[in-house]
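Below, each chain spelled out in residue letters.
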Amino acid sequence: MTPRTIYTVGQVNTYIQKVFETDTYLSDIRIKGEISNLTYHKSGHIYFTIKDSMAAIDGAIWRSYAERLKFRLEEGMKIVVRGKIENYIPSGKYKIIATSVEKQGEGDLMKRFLELKALLEEKGMFSEIYKKEIPKHAHRVGIVTAPTGAAIEDIKRISYERNPYIQLVLYPALVQGSGAAKSIVNGIKTLDGMGLDVIIVGRGGGSMEDLWAFNEEIVANAIFECNTPIISAVGHETDVTLADYVADARVATPSHAASLAVEDIHDTIEMINGYRELLDNRMNNILSGARNELLNLKKRLDMCSPANIIAERRRDITGRTDTLNRLIRELYEIKRRNTDEYAQDIQTLMNDKMNDARHNLQVIAAQLDGLSPLKKLSRGYSFVADDSGKVVTSIKNVKKDDAVHINVLDGVIDANVRNVRRIERT
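Throughout what follows, the structure given in this document is the object of discussion. From a predicted model like this one, the values you see are computed outputs, not experimental measurements.

A closer look at empty space enclosed by the protein
Then step 1. Evaluated as defined, the whole model comprises 1 cavity of 30 Å³ or more.
Then step 2. In this structure, the largest cavity spans a volume of roughly 50 Å³.
Then step 3. Across the lining of the largest cavity, the residue classes break down as 5 nonpolar, 1 polar and 3 charged.

Observations regarding the pattern of salt bridges
Then step 1. Scanning the entire structure with this criterion turns up 13 salt bridges.
Then step 2. Salt-bridge contacts for R82 lead to D28; the nearest nitrogen and oxygen are separated by 3.1 Å. Pair noted here: R82 is in strand β4 (residues 78–88) and D28 is in the loop between α2 (24–27) and β1 (29–40), with a separation of 54 residues, a long-range link.
Then step 3. Overall, the relative accessible area of 40% leaves R82 in the partly exposed class.
Then step 4. Among the salt bridges present, the one from E102 reaches R30, with a minimum N-O distance of 3.3 Å.

Looking at the sheet that holds strand β8 (residues 198–203)
Then step 1. An order of β7-β6-β8-β9-β10 is seen for the 5 strands of this open sheet, with the pairing classed as parallel. Looking at strand neighbours, the two that pair on one side only are β7 (167–172) and β10 (249–250), the edges of this open sheet.
Then step 2. The sheet contact formed by strand β6 (residues 140–145) and β8 spans 4 bridges and is parallel. From the neighbouring strand, G142 faces β8, where its bridge partner is I199.

Things to note about the environment of T228
Then step 1. Residue placement: T228 occurs in the loop between α7 (217–225) and β9 (230–234).
Then step 2. Here T228 falls in the buried class, since its relative accessible area comes to 6%.
Then step 3. T228 sits 29 residues away from I199 along the chain, and the two C-alpha atoms are 6.8 Å apart.
Then step 4. Residues in contact with T228, not counting those within four places in the same chain, are K132, D192, L196, D197, V198, I199 and D248.

Looking at the side chain of T145
Then step 1. In this structure, T145 sits in strand β6.
Then step 2. On the accessibility criterion, T145 (2% relative accessible area) is buried.
Then step 3. A distance of 2.7 Å separates a polar side-chain atom of T145 from the backbone oxygen of G202.
Then step 4. In contact with T145, other than residues within four places in its own chain, are A151, I152, L170, Y171, P172, A173, V175, G202 and R203.

Details of the pairing of strand β12 (residues 403–408)
Then step 1. Where strand β11 (residues 383–386) and β12 come together, 4 bridges link them in antiparallel fashion. Its bridge partner being in β12, A385 is matched across the sheet by H405.
Then step 2. Across 6 bridges, the pairing between β12 and strand β13 (residues 411–416) is antiparallel. Bridging from a neighbouring strand, N407 pairs with V412 of β13.

A closer look at the packing of aromatic side chains
Then step 1. Within the structure shown, the criterion is met by 3 aromatic pairs.
Then step 2. Where Y47 meets W62, the ring centres are 6.4 Å apart and the plane angle is 80 degrees; that geometry is what we call edge-to-face. Here W62 lies in the loop between β3 (56–61) and α3 (63–66) and Y47 lies in strand β2 (residues 46–51), a separation of 15 residues in the sequence.
Then step 3. Judged by its relative accessible area of 28%, Y47 is partly exposed.

Calculation rules
Residues numbered from 1 in each chain as written. Predicted model: local features only at pLDDT ≥ 70, side-chain atom pairs only at ≥ 80, totals over all residues. Heavy atoms only, no water. 1 Å grid on protein atoms, 1.4 Å probe; cavity = no way out; pocket = protein on both sides within 12 Å on 5 of 7 lines; lining within 4 Å. Points joined across faces, edges and corners; volume = space filled by probe spheres on them. Nonpolar A, V, L, I, M, F, W, Y, C, P; charged D, E, K, R; others polar. Salt bridge = Lys/Arg side-chain N within 4 Å of Asp/Glu carboxyl O. Helix = DSSP H or I, 4+ residues; strand = E, 2+ residues; numbered from the N terminus. Buried < 20%, exposed > 50% of the residue type's maximum accessible area, 1.4 Å probe, protein only. Pairing = 2+ DSSP bridges. Contact = heavy atoms within 4.5 Å. Polar contact = N/O pair within 3.5 Å; in protein donor to acceptor, adjacent residues only side chain to side chain. Phe/Tyr/Trp six-rings, centres within 6.5 Å; stacked < 30°, edge-to-face > 60°.

Right, dumping it as structure tokens:
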């Protein structure tokens, strides 16, 4: 801009904005003061005024940064705002656009936190070699926390849901403000002497100042020196304390601590039932195998028994006798059938022979009948026999005056030979 030149309001406000943008102090500045005129807009943005006894300046936190805040802003809260100064050109009003907000004094607490963290880490108090294993089957669980509030109620609810028989031992401690660190240390030492299985040390969320008791060195030393495994459950997921680093296990919330410390008895019962079923099956298999082996041995023993051998021999003889009788019956039946068949065959053959013989006899009879002397006698033939009964077939058999007997059909004619003469036959 040059002297004696007339500018518009917009040009002036634009120039002022450019001055803010180029000023390294105003582009990244931290301002402390008290909150007033606080508004959480439905868009997610936060509008406020930060003031002290001398002046005030408007401010805004856009939604992307507002979502990262770890606490809720309240009227009258003393804060430190970090951001850049911008001039709103249409109205010529400037404000701080905040990128982060912390409670006044938390910067010093963070410095102390980092220094003590480095010291404890150098001593090796965060090393894994000192971490004790959290028992899987705890029966008695100690709790160091406030006697009222969401933390203890969440622990009790989750614990009894998982195991109605669990024994919870509460040490009612201060967890915030003056004397809280000493109260927490006393709680850890008291419960450590009771022979418990595990100890939960924790509380709900809050600002760094609210959680500071768990960043005290005496609390870290008490956790490190405790013989009982300790679960740290301080704050929410984003809250981290030195107690978390030193403890044997760190969880995000008291509810998670209860889930880690107390075994779900329902899972255990289901596992036991599974083992029981597996054991029953194995025992049944073993018994079944032993029973089968016993039966086999008994069979072998019975086979070697003299009485059994005699009985077996008797059964064998009986079986052989039955078999022999059956074979004899079968053979008899076969022979009988064969005999019947043979008898039928013989009868058939005899009938055939008889028929043949009868036929032959008839033929022979016919032939004999044709040759029968009587037959011939009936036709006028006769035969001559001498006194001895011998048939005279030739003239040589008789001589003159010999007595002869002429046989005819109905008798014998006795005669004497008168003469013998030869007849020549051709």
